[in-house]
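# Commentary on secondary and tertiary structure
Next come the chains, spelled out residue by residue.
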Amino acid sequence: MRLKMLYFTSPLVIIGVAAAFFLFSRGGGSQAGSVVLAETERSSLIAAPGRVEPISEEIRISSEIGGKLRRVPVEEGDSVRKGQVVAVLENDDYRARVASAEARVAERKAALRRTINGARDQERREAWEAVEEARAVLENARAEAERRVSLYEKGVIAREESDRAEREQKVAEARYERELQRHRIVDDQTREEDIAKAKAEVALAEAELDEARARLEKSFIKSPIDGAVLRKHLKEGESVSDMRDTPIVTVANTSVLRVRVDVDETDVSKIRIDQRAYVVADAYGEKKFWGRVVRIGQMLGKKNIRTDEPTERVDTKILETLIELDSSSDLPTGLRVDAFIEVGK
């Protein structure tokens with residue numbers, strides 16, 4: 001009789017052991033795996049592995065320009081605000097360029113004012129006095145040339161002296177014309193094209209100043225979000241390059257945590273937005289961290305989370321699903337968890 005009972009009960013034992021082994025391998029053989037075995041016996045739950053991440057995901061902050069780090073005034077775990085400086089490059093050369101550009105703008109603006117206002121009364125008087133002086137020299141040169149020509153015709157002086165007097169007269173005439181033209185320019189109204197040119201030179205100098213200030217500003221690396229420093233990759237004195245990805249720090253908004261879950265392709269039809277869900281982890285025993293489904297992927301893909309078990313199937317397709325945990329949840333980012341989604345709730 002005992003042998004007969006064993007004959008009838010042994011298939012059930014074999015089936016139970018096989019089912020336990022399958023779920024054990026899917027859960028990674030952990031304490032959470034035993035929870036998976038218990039919970040998945042209920043048809044109202046979908047079990048899947050997941051990993052904790054911040055709501056902003058991780059942001060690797062690097063520099064737009066190359067250089068050497070002067071300061072990295074944050075440490076791992078520090079809270080940061082949006083726009084807060086997390087690193088400073090050596091920037092003395094950028095400051096010098098800004099100072100040079102500011103001086104150039106001041107110079108161009110002064111030239112523009114001078115062009116618009118025109119010559120001062122004193123400059124006009126000086127130009128007219130130069131004309132009068134040149135006229136007096138010209139009159140003397142003409143008189144002397146006429147006298148020398150007369151003496152040459154009378155045979156009193158040589159031809160060379162008469163010719164030299166004529167040359168001096170021509171030089172005096174040229175000087176008079178030059179001074180007269182200069183006076184007309186100084187005394188004349190400013191031309192529209194001169195003002196336009198001066199304004200263009202001011203605009204160009206201001207653009208160069210803006211560029212220099214922008215380069216200086218880029219030497220101050222700032223956080224793009226409110227969050228916390230998860231990782232400090234570089235320290236003072238190390239170099240960064242704009243030619244390759246060299247993150248200085250990694251930050252993330254950890255005020256709200258999410259779990260990125262690999263839902264098996266056989267369960268994708270049961271997933272809905274706002275379904276209640278909870279996660280468990282080995283480090284926290286049987287404690288449940290509750291949340292809800294906030295996003296469902298649109299395309300199946302490869303597994304993101306592996307258990308490294310020899311029996312794990314690697315060809316299974318999954319659908320990425322995001323669970324947003326309640327604000328009371330306090331888990332480290334990157335932690336592997338087991339997620340359970342309530343179907344139909």
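Each remark here, short or long, concerns the structure printed above.
Residues numbered from 1 in each chain as written. Predicted model: local features only at pLDDT ≥ 70, side-chain atom pairs only at ≥ 80, totals over all residues. Heavy atoms only, no water.

### Quick word on the overall build of the protein chain
Assigned secondary structure in the protein chain consists of six helices and 14 strands. Sorting the 345 residues of the protein chain into buried and exposed places 34% on the buried side. A sequence separation of at least 24 residues applies to 77% of the contacts in the protein chain between residues at least 6 apart. If you sum the accessible surface of the protein chain, you get close to 21600 Å²; carbon and sulfur atoms cover 50% of it. (Helix = DSSP H or I, 4+ residues; strand = E, 2+ residues; numbered from the N terminus. Buried < 20%, exposed > 50% of the residue type's maximum accessible area, 1.4 Å probe, protein only. Contact = heavy atoms within 4.5 Å. Areas by Shrake-Rupley, 256 points an atom, 1.4 Å probe, with all protein chains shown as cover.)

### Some words on unusual backbone geometry
The residue E57 is not glycine, and still its phi comes out positive at about 60°. Note on placement: E57 falls in the loop between β1 (45-54) and β2 (59-61). With a relative accessible area of 38%, E57 lands in the partly exposed category.

### Let's talk about the packing of aromatic side chains
Evaluated as defined, the whole model comprises three aromatic pairs. Members of the aromatic cluster, connected to one another through ring pairs, are Y278, W290 and F340. The lysine or arginine in question, K288, covers the ring of Y278, its NZ or CZ lying 4.5 Å from the ring centre. (Phe/Tyr/Trp six-rings, centres within 6.5 Å; stacked < 30°, edge-to-face > 60°. Lys NZ or Arg CZ within 6 Å of the ring centre and 35° of its normal.)

### Regarding helix α3 (residues 92-117)
Three- or four-residue spacings in an α-helix give side chains the same orientation, since the helix completes a turn every 3.6 residues. End to end, α3 covers 38 Å across 26 residues, agreeing with the expected 38 Å (1.5 Å per residue, within 8%). When α3 is considered as a whole, its buried residues turn out to be Y94, V98, A101, V105, A111 and L112. The inward-facing, buried residues of α3 abut α6 (192-218). (Expected span 1.5 Å × (residues − 1).)

### Comments concerning the sheet that holds strand β14 (residues 336-342)
The six strands are arranged β1-β10-β13-β12-β11-β14 in a closed barrel whose pairing can be described as antiparallel. Sheet twist, expressed as the average angle between the axes of neighbouring strands with direction ignored, equals 40°. (Pairing = 2+ DSSP bridges. Axes fitted to C-alpha atoms, helices over the stretch in contact; angles between N-to-C directions.)

### Re the nonpolar core
Within soluble globular proteins, side chains that are nonpolar tend to cluster in buried spots. Core analysis: the largest hydrophobic core is formed by 25 residues, its most contacted members being L69, I248 and V249. Elements that contribute at least two residues to this core include exactly β5 (85-89), α3, α6 and β9 (249-252). Among all residues touching I248, those that are not within four sequence positions of it are I61, S62, S63, L69, V72, A87, I221, R231, K232, H233, L234 and V240. In terms of nonpolar packing, the next biggest core, distinct from the first, is built from 22 residues, I46, I271, A281 and L335 among them. (Core = buried A, V, L, I, M, F, W, Y, C linked by side-chain atoms within 4.5 Å.)

### A closer look at the pattern of salt bridges
Between side chains of opposite charge, a pair can form when the charged atoms approach closely. On inspection of all chains with the given rule, the structure shows 27 salt bridges. Linking R175 and E133 is a salt bridge whose minimum nitrogen-to-oxygen distance equals 3.3 Å. You can see R175 sitting in helix α5 (residues 159-187) and its partner E133 sitting in helix α4 (residues 121-153), a full 42 residues away along the chain. Here R175 falls in the partly exposed class, since its relative accessible area comes to 27%. One salt bridge connects D338 with R336, and the closest N-O pair in it is separated by 3.4 Å. Since its relative accessible area comes to 24%, R336 is described here as partly exposed. Sharing partners across several salt bridges, the network here consists of E53, E57, R258, R260 and E320. (Salt bridge = Lys/Arg side-chain N within 4 Å of Asp/Glu carboxyl O.)

### Thoughts on the sheet that holds strand β6 (residues 220-222)
Read across the sheet, four strands follow the order β6-β5-β3-β8 without closing on themselves; strand pairing throughout is antiparallel. Bordering the open sheet on either side are β6 and β8 (239-240), each of which pairs with just one other strand.

### Overview of the pairing of strand β3 (residues 67-71)
Across two bridges, β3 lies against β8 in antiparallel orientation. In the strand pairing of β8, G67 is matched with V240. One ladder, built from two bridges, connects β3 with β5; its direction is antiparallel. Note on β5: the bridge partner recorded for L69 is L89.

### Considering the side chain of D262
Locating D262 in the fold gives a position in strand β10 (residues 257-264). Discounting residues that sit within four places of it in the chain, D262 has contacts with A48, P49, K303, N304, I305, I318, L319 and E320.

### Some thoughts on the packing of α3 against α6
For any two helices packed against each other, the geometry comes down to the angle between their axes and how far apart the axes lie. In the contact formed by α3 and α6, the axes pass within 8 Å of each other and the chain directions differ by 165°. Judged on the interaxial angle alone, α6 and α3 are roughly antiparallel. The handedness of the crossing between α3 and α6 is left-handed. Of the residues in the contact of α3 with α6, the class split is 13 nonpolar, one polar and 13 charged. (Parallel < 35°, antiparallel > 145°, perpendicular 65-115°, else oblique. Left-handed = near helix turned anticlockwise from the far one by under 90°. Nonpolar A, V, L, I, M, F, W, Y, C, P; charged D, E, K, R; others polar.)

### Notes on the pairing of β10
Burial of β10 is extensive: eight of the eight residues sit out of reach of the surface. In β10, alternate side chains face the same way, and those of L257, V259, V261 and V263 on one face and R258, R260, D262 and D264 on the other are all buried. Two strands pair when backbone bridges link them, and β1 and β10 are joined in this way by five bridges, in the antiparallel orientation. Bridge pairing links V52 to V259 in β10. Of the strand pairs in this sheet, β10 and strand β13 (residues 318-325) are connected by seven bridges, and their pairing is antiparallel.

### Some points on the side chain of R260
Relative to the helices and strands, R260 resides in strand β10. Side-chain polar atoms of R260 contact the side chain of E320, separated by 3.0 Å. Other than its neighbours up to four places away in sequence, R260 contacts P49, G50, R51, E53, E57, I305, E320, T321 and L322. (Polar contact = N/O pair within 3.5 Å; in protein donor to acceptor, adjacent residues only side chain to side chain.)

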